[in-house]
Amino acid sequence: MQVAAFASGDDEPPEARLLDELRVSDAWIAALSWVAESDGQIVGHNVATRAHVGDMPCVALGPIAVAPSMQGRGVGSGLVHSLIGAADASGEPLIALLGNPNYYSRFGFVRSTDCAIRPPNPAWHEHFQVLPLSGWTQSLAGTFRYSEPFDRVS
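These numbers were taken from a predicted model, which means no experiment stands behind them. (Residues numbered from 1 in each chain as written. Predicted model: local features only at pLDDT ≥ 70, side-chain atom pairs only at ≥ 80, totals over all residues. Heavy atoms only, no water.)

Student: I tried to follow helix H3 (residues 75-89) on my own but got confused; where do I start?
Tutor: Three- or four-residue spacings in an α-helix give side chains the same orientation, since the helix completes a turn every 3.6 residues. Taking 1.5 Å as the rise per residue, H3 with 15 residues should run 21 Å; its terminal C-alpha atoms sit 21 Å apart, in good agreement. Restricting attention to buried positions, one finds in H3 the residues Val 75, Gly 76, Ser 77, Leu 79, Val 80, Leu 83, Ile 84 and Ala 87. Residues of H3 that are buried sit in contact with strand S1 (34-38), strand S2 (41-53), strand S3 (56-66), strand S4 (94-98), helix H4 (101-104) and strand S7 (128-132). Just downstream of H3 lies Gly 91, where phi reads positive at about 90°. (Helix = DSSP H or I, 4+ residues; strand = E, 2+ residues; numbered from the N terminus. Expected span 1.5 Å × (residues − 1). Buried < 20%, exposed > 50% of the residue type's maximum accessible area, 1.4 Å probe, protein only. Contact = heavy atoms within 4.5 Å.)

Student: What is the right way to read the confidence of the model for the protein from this model?
Tutor: Low pLDDT marks stretches whose predicted atomic positions should not be read closely. Taken over all residues, the pLDDT of the protein has a mean of 88, while the share at 70 or more is 88%. A low-confidence stretch, residues 1-9 stays under pLDDT 50, and its non-local contacts, those more than four residues away or across chains, total 27 contacts. (pLDDT = per-residue confidence, 0-100.)

Student: Would you explain the pattern of salt bridges in this entry?
Tutor: For the structure on display, the rule yields two salt bridges. Between Glu 92 and Arg 50 there is a salt bridge, with the nearest N and O atoms lying 2.7 Å from each other. Here the residue Glu 92 occupies a position in the loop between H3 and S4, and Arg 50 occupies one in strand S2, the gap between them amounting to 42 residues. Take Glu 92: its relative accessible area is 9%, and that puts it in the buried class. Residue Glu 126 is joined to Arg 111 by a salt bridge in which the shortest nitrogen-to-oxygen separation is 3.3 Å. Highlighted residues: Glu 126 in the loop between strand S6 (117-118) and S7 and Arg 111 in strand S5 (residues 110-111), separated in sequence by 15 residues. (Salt bridge = Lys/Arg side-chain N within 4 Å of Asp/Glu carboxyl O.)

Shown next as structure tokens:
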């Protein structure tokens, strides 16, 4: 499903390789990473990993994928809403992601620089977003850092 959701040609998408590496990483947050099923088939998933802003821990969301046949049916929205609620309830201060602002703004995500958080890559400025949760304070500021497997994504 990961390959189908991100496919853009004959090559395996980097998101599929990243997912394999994240699953065996110490950064994987199993309690916040889920699959969505329909009729016994996996139709979507979200991945949550430990990340940092400076020395402060937070959550990185992604990759998130929905089977092409199930896109536009609320599967991705359900996964994002569930993650937000669970991360907030568990005391996480912030969720960050790289994605389409038009899609993720509906969940409350804002440009990271609006919260004094710099993206790990300055070129991501418009697409790197954060969602401050109940545990967020203004002292959580600085450069965002993904877990090490993200460094190998090309």
